[in-house]
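Overview (structure and organization)
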Amino acid sequence: MRIAFAGNPNSGKTTMYNALTGRSEKVGNWGGVTVGSKEYQLKKEYSGGQEVIAVDLPGAYSMSPFTPEEGITSEYVRTANPDAIVNIVDATNLSRSLFFTTQLLELGIPVVVALNKSDINDKEGTKIDVAKLSAKLNCPVFETISTEDKGLADVIKTAISLAGSTQKAPYTQADINLHDKAAVDAEDRKRYDFVNKIVADVEKRQVLSAETTKQDKIDTVLTNPIAGILIFALVMWFVFWVSQTWLGPLVADWLVGWIETFQGWVAGQLENSPAILSALIADGIVGGVGAVVGFLPLVMVMYFLIALLEDCGYMARVSAVMDPIFKRVGLSGKSVIPVVIGTGCGIPAIMACRTIRDERERRATSMLTTFIPCGAKIPVIALFAGAFFNGAGWVSTLSYFFGLVLIFLGALLIKGITGYKYRKSFFIMELPKYKAPSLKFAFRSMMERAKAYIIKAGTIILVCNTIVQIMQTFNWHFQVVEEGAEDTSILASIASPFAVLLIPLGFGVWQLAAAAITGFIAKENVVGTLAVVYGLTAFIDTEELALTGGANEVAMTMGLTSVTALAYLFFNLYTPPCFAAIGAMNSEMKSKGWLWGAIGLQLGTGYTVAFLVNQVGTLITEGHLAAGFVPGLIAEICMVIALVLIAKKVRAHFDEQYALHKKTANAAA
Amino acid sequence: MDERTRLLDAEVGKTYRVREINTEDDDMNAFLFRLGCYTGEPITLISKKKNSCIVVIKDGRYNLDNLLSEAIIV
């Protein structure tokens, strides 16, 4: 049996779904958090022993979709024939929500209405006559509070008992020609009249919605073009500072101590085993994976803080305050949400682009959002900040800030290439009521992330590290590589050709090339591979090393100066994301041209940024250009030529299209 | 009060009736309709900034950019 959860955006569908199934799908206090359908079995205590699948759907205002994610919902309830629908209604906005409710009631599938957020109504003194509403809608209605599990059992029990029966609609649309816009409009108006009458009958408000409240005063500050942006910058800086400079490393140090103890113990156990086995297990597996796990606390703290931000209602305000700036470069205020989500992981960030209506803006955002370093890149940043810059906080701040700058520059570039399209880009964003962020949800979100991180470290990263370890231990004749002849290993011979390309960037050695390549599988691999190829598993303890002078040792071993280290870090941060994120881009863009354009842009950006940092940095610190300036310059010129050619082609196509429209317009006239 | 004005030029704190919506984009008009923003319905301007404003439609608050508030005649 399938029960679908449908309702307006930000009415609390996913929160209810999580409570009923025990899942931890992403929740947040803004419209458009859920962008795809999710399904899972109900917990036993709710299903009464039957097999019941709950289906969580993206929010929709009506059955006619406006943005891509709304389309998923109307498509599902229309074609997938769920056995019952739970319609989650935001009880604080009954007058808007019931429009969609009456449409759902017409489908013939039994509907149970959950009047969610009824605690806010209690607080504001809004009273809804549930019995009367139920009679008027011709379906059961319950008051619920998703965040406190209140009323959920009644809703789901009733939905299960009604499953398979037929719903009688209280309001049915007249048989009209759906292509006749005027007729559809008139029908929709009648439907709203019907809804308005019901609301007038069942709802009594003490606080009128149009009155200015305390929340409006906060909004005035947060959406102020100057104060609002400053506050946003400050909030994000605080999140990064706490997670990556203060609390995160504090916990990480403690964890790393344990990992090292464990590694020592494993090495002790393997004392009498062959050296290769001991190296593979102690250095390759435990060391490489440990290097990645050591940074887990930084990621966890950040997830916790971002979850708090997402839960309180701030995101919608950020989106509103950033809209004018983002619009100027050809994006939308809604692009801010993927960018913030992207600090955690690029994949949900790319998926969140679905809430952007304009296709070009949507594709451009999903192409650019991964310039913001994701959680998997935090270990890379932290490692380099610790080993080369004394653990300086500015490295991480600069990484994020520079990522944002690249998003702006990239957006301008895309705008230039695709040509200005004469379409108005409107911005409308619902500003939800603020609420105190739930520590419980933030904690769950953090633990969920930690679990995923550890699983990843124990699977993908572990396998990659083992392969890297084996590939560098053996040569092509499967003989163990002798000391001093490391360049003959399988890994070295594969990575060396790539390394040549990286000479103008200042890090043209096979070890670093290999780490950058494994980074495409998962960005944490950069750290894992470096730890393996340099046998420097101890350098994960970046704070300690900075104090004991070990950072110098790391720097010496890797043969990087602070300039080339920064170039290498930036190269890894701004090249294409991991394959999984590229896959997400592919499915959101739905265009091979855009996908390859995105990969090309990201490769070009990573290369260019590293090239500039290395050459300019070397010029400043050493007074001369770095090696490989001329080949690098030639590569850059080739990229510019490629860009111009692509722009020409795209624009010619655009002109063609435009001309065609004109022609048809003339013909019509 | 018979004067027609764009929401963009309306007075903060006042509740108006929507007289006309023309964004020159049918889907956008329809979307506004579904939020409850259509001819004859009340709309309240809560605050106004250089590039945007905050309005109350039905029982929800929305941030609109100037392109939209220009297109809503009250």
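Our structure's up above, just so we're on the same page.
The following paragraphs examine the structure supplied in this document. Remember, it's a predicted structure, so these values are computed and weren't measured experimentally.

Describing the overall build of chain A
Of regular secondary structure, chain A possesses 28 helices and 9 strands. Reported as C-alpha extents along the three principal axes, the dimensions of chain A are approximately 85 × 70 × 50 Å. With 669 residues in all, chain A has 55% of them scored as buried. By element, 64% of the accessible surface of chain A is carried by carbon and sulfur atoms, the whole surface being about 28800 Å².

Some words on a nonpolar patch on the surface
Residue and element names in this part refer to chain A. A cluster of nonpolar side chains, contributed by W237, F238, W241, W246, L247, L250, V251, W254 and W258, occupies part of the molecular surface with about 1000 Å² of accessible area. Turning to its location among the elements, W246 is positioned in helix α10 (residues 227-269). The partly exposed category is assigned to W246, whose relative accessible area is 45%.

What about the sheet that holds strand β5 (residues 60-65) of chain B?
The strand order across the open sheet built from 5 strands is β9(A)-β5(B)-β4(B)-β3(B)-β1(B), with neighbouring strands paired in antiparallel fashion. Across the chains shown, the open sheet's two edge strands, defined by having one partner strand only, are β9 (428-430) of chain A together with β1 (15-17) of chain B. Ignoring strand direction, the axes of neighbouring strands in this sheet form an average angle of 30°. Of the strands in this sheet, β9 of chain A together with β4 (52-57) and β5 of chain B touch helix α1 (residues 26-35) of chain B, which is tilted by about 20° from β9(A).

Describing the packing of aromatic side chains
Residues and elements named next belong to chain A. Across all of its chains, the model carries 27 aromatic pairs over all chains by this definition. Three or more aromatic residues joined by ring pairs form one cluster here, namely F384, F388, F507, Y568 and F571. Cation over ring: R317 sits above Y434, and NZ or CZ is 3.9 Å from the ring centre. Looking at K440, its charged tip hangs above the ring of F441, at a distance of 5.8 Å from the centre.

A closer look at helix α25 (residues 562-574) of chain A
Residues and elements named next belong to chain A. With 13 residues, α25 extends 18 Å from end C-alpha to end C-alpha; this agrees with the ideal 18 Å at 1.5 Å per step. Burial runs high along α25: 12 of the 13 residues are buried. Residues of α25 that are buried include every one of V563, T564, A565, L566, A567, Y568, L569, F570, F571, N572, L573 and Y574, and no others. Each element contacted by the buried residues of α25 is listed here: α17 (378-388), α18 (393-418), α21 (510-518), α22 (524-533) and α27 (592-622).

What about the packing of α21(A) against α25(A)?
All names here are of chain A. For the pair α21 and α25, interaxial distance at closest approach is 10 Å and the crossing angle is 25°. Classified by the angle between their axes, α21 and α25 sit roughly parallel to one another. Crossing geometry of α21 relative to α25 is assigned as right-handed. Contact residues: L512, A515 and A516 in α21; Y568, F571 and N572 in α25. When grouped by side-chain class, the residues that make up the contact of α21 with α25 number 5 nonpolar, 1 polar and no charged.

Parameters at a glance
Residues numbered from 1 in each chain as written. Chains lettered and ligands numbered in written order. Predicted model: local features only at pLDDT ≥ 70, side-chain atom pairs only at ≥ 80, totals over all residues. Heavy atoms only, no water. Helix = DSSP H or I, 4+ residues; strand = E, 2+ residues; numbered from the N terminus. Buried < 20%, exposed > 50% of the residue type's maximum accessible area, 1.4 Å probe, protein only. Areas by Shrake-Rupley, 256 points an atom, 1.4 Å probe, with all protein chains shown as cover. Patch = residues over 30% accessible without salt bridge, like charges linked within 9 Å, V, L, I, M, F, W, Y side chains within 5 Å. Salt bridge = Lys/Arg side-chain N within 4 Å of Asp/Glu carboxyl O. Pairing = 2+ DSSP bridges. Axes fitted to C-alpha atoms, helices over the stretch in contact; angles between N-to-C directions. Contact = heavy atoms within 4.5 Å. Phe/Tyr/Trp six-rings, centres within 6.5 Å; stacked < 30°, edge-to-face > 60°. Lys NZ or Arg CZ within 6 Å of the ring centre and 35° of its normal. Expected span 1.5 Å × (residues − 1). Parallel < 35°, antiparallel > 145°, perpendicular 65-115°, else oblique. Left-handed = near helix turned anticlockwise from the far one by under 90°. Nonpolar A, V, L, I, M, F, W, Y, C, P; charged D, E, K, R; others polar.

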